[in-house]
Amino acid sequence: MTENAERDAIAPLRLRVATPNDIGALAPLLVRLKRLNEEFDPLLKVRDDVLDRARDVLKVEIADPKALLLAAEGIGPDQGKIVGVVRGRVRERVFYSPELEGVILDIYLLPVYRRRGVGEYLLSETVARLQAMGAQIVTAEFPTQNQIASQFYAKRGFRPITGTHAKAL
Amino acid sequence: MARGARSRTAKRRPAARGTGKGEAAGTDESVEEAKTLALGERSIRLAAFYQGKIETVPKVPVRSLEDFSIWYTPGIAAVSRAIEADPDRSFELTGRWNTIAIVTDGSRVLGLGNVGPRAAMPVMEGKALLFKFLGGVDAIPLPLDVARPEELIETVERIAPAFGAINLEDIASPKCFSILETLAGKLPIPIWHDDQLGTAASTVAGLSNAVALTGRSLRSTRVVLFGAGAANIATARLLIAMGQDPRKLSLVDQKGVLHPDREDMDELMIRNPWKYRLALQTRGGGVEGGGIAEALSGADILVAASTPVAGTIQADWVRTMAPDPIVFALANPTPEIWPATARSAGAAIVATGRSDFPNQVNNSLVFPAVFRGVLDARARSIPDELVLAAVAELAARARDHGLSETHILPTMAETDVFPHVAAAVASRAVELGLARERHRREEFLERAQNLMRRPAKLALELLRAGLTVPMPDERIPRRSRR
């Protein structure tokens, strides 16, 4: 409990499992992240209907036991305001061992809530939840050119093991 | 964008000093256009005649070729060895102490945009002339053919041994910020980007007097900066450093008030982290959303450094500002709102970038003196503390000359001001431990006065001696205005 109180003192938010009521607030945040990804590579150009697709995906995932969907909610004066989103999933590695992989697909926080150790809190909380869902290894997916993410994960012991190489047709 | 939001005094004659009364916008504009057109024609004729504006001239006696045994081999080898033993002696045994490079990639020249390095040259030559004439600084124009910021940075690193300081000029925003930051971190000499710092320092000096004159304090004023280009981003930083509350500072660009909830924040984080940081620092300055009209409501101060179109700032918006508002409309050649219009809408103090209206915010008030100061102190860098020393001195000197609504800054004619600004910068560099050359302030002042007085005298003497050819389109050589 003391540990949690300490964390709250640093992080101006708390992570909780998302509910169907959150989808309206979470979808635009997810879209912001995808637009940020577009900044890193033109092959990540977002679709025109991205907001609708984001809502659809969130609706499906919120009911999927293999999916992890977390909402970051402000505390204090920002109580009740959704300020970030985390998407993850546990999937089977068919050819490799250990077999269950917890993958972090998306982490997005509104600019004002970044820094101050928030990333650390989000990651450890997310990893703990993926682990609770059975994950034996944790991975993260993000655009290759996103050096901020790549440094963030490298600092926390992650290393690149596979990569996606793309070419427009 | 602060495109064109600065001045080039030497190009505009202080003809018909405006009273700030009764100029009709339409007439003013057409007169101004005709004037600019005529000046352009004259510039191109005289450019063809003189084929360059500066040349190197010996500053040592050369009576015969024999003197070269001192100025060149064999004597010079000893000088070379001395510098090899102590590289800092390059500042005292060569002209490095007074030589700077004017570096540009030609990516944002005047209001012309990306004209490239060759077309940037005449402008850089003009700047070199200003550096010499106003600051006594030997400036070498160096437009570079570079595609990426890294190439510019590497080139400047490699030429740095020849120079006492570097002036970056007409480089597009936001790459100008990263280039300045990177070079300042790498090189042991001052790096300056005039489009940011020159304009910002002169703006902030004017503001500090305007604030005092209207009975305000910076801490409690609400400021709106319209245009989030190089100049206003630097202005925001300097204002905050001087005690302005960032939560009462709104930056406004084409997309509206810069606020951390804005959709383009992540794009800014990647492409313009300086603007991104200001968004987080200011949080919109207490304005929740909307554009310039919403931001101005109740604001004390407007600094527009945006588009050179009169009417960009509307009189109705000025009317909604706090009582006795301060309006700086800095776009050149046409201010965002004409001074008379701003005043009739209630503005207590109006400043523009033009010499034909009162209160000219002009980077030429700043850069020659700042360079004189850092060069005389052989400073290793030029942190904001030095810029603020220049700001404070400039503001104080304006007060000495008599503060009023139409005199919040020294004019370019008040040439006694500049050596004082130089001395203030040099002494501050000593205080901060950045100076290779430590003197008392009076010594710096005397040195600056001598060095800054000489070029005008030199130019006049050369003309009198017939060594500078009089302008062919003038029958009688024009007398120096200084």
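Here, the structure is the one placed above.
A. Region of the structure containing the overall build of chain A. Across its full length, chain A carries 5 helices and 5 strands. Counting from the amino terminus, helix and strand elements in chain A follow one another as α-β-α-α-β-β-β-α-β-α. Over its C-alpha atoms chain A spans a radius of gyration of 16 Å, differing by no more than 12% from the 15 Å that the globule rule assigns to 169 residues. Across its three principal directions, the C-alpha atoms of chain A cover 50 × 40 × 30 Å. A total of 169 residues make up chain A; the buried ones form 25% of that total.

B. Representation of the interface of chain B and chain A. Chain B puts 7 residues into the contact, and the matching count from chain A is 7 residues. Taken together, the residues that form the side of chain B that touches chain A break down as 4 nonpolar, no polar and 3 charged.

C. Geometry of the sheet that holds strand β3 (residues 165-168) of chain B. All names here are of chain B. Reading across the sheet, the 4 strands line up as β2-β1-β3-β4 and stay open at both edges, with parallel pairing between neighbours. The open sheet has two free edges, formed respectively by β2 (138-143) and β4 (191-193), since each of these has just one partner strand. Neighbour to neighbour, the strand axes of the sheet diverge by 25° on average, direction disregarded. The strands touched by helix α8 (residues 194-213) within the sheet are β3 and β4, with β4 carrying the most contacts at an inclination of about 75°.

D. Highlighting the sheet that holds strand β3 (residues 82-92) of chain A. Residues and elements named next belong to chain A. Taken in spatial order, the 5 strands make up an open sheet running β1-β2-β3-β4-β5, and their pairing is mixed. Either end of the sheet is taken by a strand with one partner, and the two such strands are β1 (13-17) and β5 (137-140). Geometrically, the sheet is characterised by an average inter-axis angle of 25° between neighbouring strands, direction not taken into account. As defined by bridge partners, β1 adjoins strand β2 (residues 67-74) across 5 bridges and the pair is classed as antiparallel. Paired with R16 across the strands is A71, a residue of β2.

E. Region of the structure containing the pairing of β2 of chain B. Residue and element names in this part refer to chain B. Burial of β2 is extensive: 5 of the 6 residues sit out of reach of the surface. Relative to β2, strand β1 (residues 99-104) runs parallel, the two being bridged by 6 bridges. The residue bridging I100 from the neighbouring strand is A139, located in β2.

F. Spotlight on helix α11 (residues 273-282) of chain B. All names here are of chain B. Taken together, the buried positions of α11 are W274, K275, Y276, L278, A279 and T282. Check the buried side of α11 and you find it contacts α7 (175-186), α9 (230-241), β6 (249-253) and α10 (265-271). Note on α11: the residue one or two positions beyond its end, R283, has a positive phi of about 50°.

G. Summary view of the nonpolar core. The biggest cluster of nonpolar side chains holds 129 residues, and the ones touching the most others in it are I166, L302, V374, A390 and V425 of chain B. In terms of residue count, helix α17 (residues 417-431) of chain B provides more of this core than any other element does, 9 residues in total. In contact with V425 of chain B, other than residues within four places in its own chain, are A369, V370, G373, V374, L386, A389 and A390 of chain B. Listed in part, the 33 residues of the second largest apolar core include I23, L68, L130 and A135 of chain A.

Scoring rules and cut-offs
Residues numbered from 1 in each chain as written. Chains lettered and ligands numbered in written order. Predicted model: local features only at pLDDT ≥ 70, side-chain atom pairs only at ≥ 80, totals over all residues. Helix = DSSP H or I, 4+ residues; strand = E, 2+ residues; numbered from the N terminus. Rg over C-alpha atoms; globule rule 2.2 N^0.38 Å. Buried ≥ 20, exposed ≤ 12 C-beta atoms within 10 Å, placed from the backbone. Contact = placed C-beta atoms within 7 Å. Nonpolar A, V, L, I, M, F, W, Y, C, P; charged D, E, K, R; others polar. Pairing = 2+ DSSP bridges. Axes fitted to C-alpha atoms, helices over the stretch in contact; angles between N-to-C directions. Core = buried A, V, L, I, M, F, W, Y, C linked by C-beta atoms within 7 Å.

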